[in-house]
Amino acid sequence: QVQLVESGGGSVQPGGSLRLSCAASGSIRSINAMGWYRQAPGKQRELVAALTSGGSTNYADFVKGRFTISRANGKNTVYLQMNSLKPEDTAVYYCKADVQAWIGGRRDYWGQGTQVTVSS
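Residues numbered from 1 in each chain as written. Predicted model: local features only at pLDDT ≥ 70, side-chain atom pairs only at ≥ 80, totals over all residues. Heavy atoms only, no water.

**Student:** Quick rundown of the overall build of the protein? Include the residues and the values.
**Tutor:** Scanning the protein from N- to C-terminus turns up zero helices and 11 strands. Structurally, the protein occupies a C-alpha span of about 45 × 25 × 20 Å along its principal axes. Expressed as a percentage of the 120 residues in the protein, the buried residues total 42%. Pairs at least 24 apart in sequence give 54% of the contacts found in the protein among residues at least 6 apart. Carbon and sulfur atoms form 45% of the exposed surface of the protein, whose accessible area is close to 6300 Å². The protein carries 13 positive and 7 negative side-chain charges, and their two centres are separated by 6 Å. (Helix = DSSP H or I, 4+ residues; strand = E, 2+ residues; numbered from the N terminus. Buried < 20%, exposed > 50% of the residue type's maximum accessible area, 1.4 Å probe, protein only. Contact = heavy atoms within 4.5 Å. Areas by Shrake-Rupley, 256 points an atom, 1.4 Å probe, with all protein chains shown as cover. Lys, Arg positive; Asp, Glu negative; His and termini not counted. Charge placed at Lys NZ, Arg CZ, Asp CG, Glu CD.)

Structure follows, in structure tokens:
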């Protein structure tokens, strides 16, 4: 089994910053990619940013220049640094990992989600 644990959500005023963390643990042989998604009330879950094991990144247009995804060296932990936050960034943020597990092969795993609220 593989577990993803997210942390770092909270409430912040517009223009503020937050950093989300996602730690993967368990029966992990390798991680092909990790990413962050978000889901606002009444909306579909959408990609925010993703990072491959080779270091390639992919950002949604609405966060380019404001958010940065990174991975801790030698660890199965990914971060999302969020700057210049806007009220429309309010959502539950989910971590996803594309994992090659020792048992069960390759599949996606999701974290439990962390709430980010941007409001004055």
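**Student:** Explain the packing of aromatic side chains to me, using residue names and the numbers behind them.
**Tutor:** Taken as a whole and assessed by the stated rule, the structure comprises two aromatic pairs. Here Tyr-37 and Trp-110 contribute two aromatic rings whose centre-to-centre distance is 5.1 Å and whose plane-to-plane angle is 65 degrees, an arrangement assigned as edge-to-face. Placement of Tyr-37 in strand 4 (residues 28–39) and of Trp-110 in strand 10 (residues 106–110) is noted, with a sequence separation of 73 residues between them. Ring geometry for Tyr-94 and Trp-110: centres 6.5 Å apart, planes at 80 degrees, overall edge-to-face. Here the residue Tyr-94 occupies a position in strand 9 (residues 91–101), and Trp-110 occupies one in strand 10, the gap between them amounting to 16 residues. Of the residues examined, Tyr-94 reaches a relative accessible area of 15% and is grouped as buried. Classification of Trp-110 as partly exposed rests on a relative accessible area of 37%. Pairwise contacts between aromatic rings join Tyr-37, Tyr-94 and Trp-110 into one cluster. In this structure, Arg-107 is placed above the aromatic ring of Tyr-109, and the distance from its NZ or CZ to the ring centre is 4.0 Å. (Phe/Tyr/Trp six-rings, centres within 6.5 Å; stacked < 30°, edge-to-face > 60°. Lys NZ or Arg CZ within 6 Å of the ring centre and 35° of its normal.)

**Student:** Describe the nonpolar core, with residues and values.
**Tutor:** In terms of nonpolar packing, the biggest core is built from 33 residues, with Trp-36, Leu-80, Met-82 and Tyr-93 touching the most fellow members. Every element with two or more residues in this core is listed here: strand 1 (2–7), strand 3 (18–26), strand 4, strand 5 (46–52), strand 7 (67–71), strand 8 (77–82), strand 9 and strand 11 (114–118). Counting residues per element, this core draws most heavily on strand 9, which supplies six residues. (Core = buried A, V, L, I, M, F, W, Y, C linked by side-chain atoms within 4.5 Å.)

**Student:** An account of the state of the cysteines is needed here, citing residue identities and associated values.
**Tutor:** Going through the model one piece at a time under the given rule, you end up with one disulfide. Across the disulfide from Cys-22 sits Cys-95; the S-S distance is 2.1 Å. Disulfide Cys-22-Cys-95: torsion about the S-S bond near -80 degrees, hence left-handed. With Cys-22 in strand 3 and Cys-95 in strand 9, the pair connects residues that are 73 residues apart, well separated along the chain. (Disulfide = S-S within 2.5 Å.)

**Student:** Break down the environment of Phe-67 for me, with residues and values.
**Tutor:** With respect to the element layout, Phe-67 can be found in strand 7. Of the residues examined, Phe-67 reaches a relative accessible area of 3% and is grouped as buried. Along the primary structure Phe-67 and Thr-90 are separated by 23 residues, whereas in three dimensions their C-alpha atoms are 14 Å apart.

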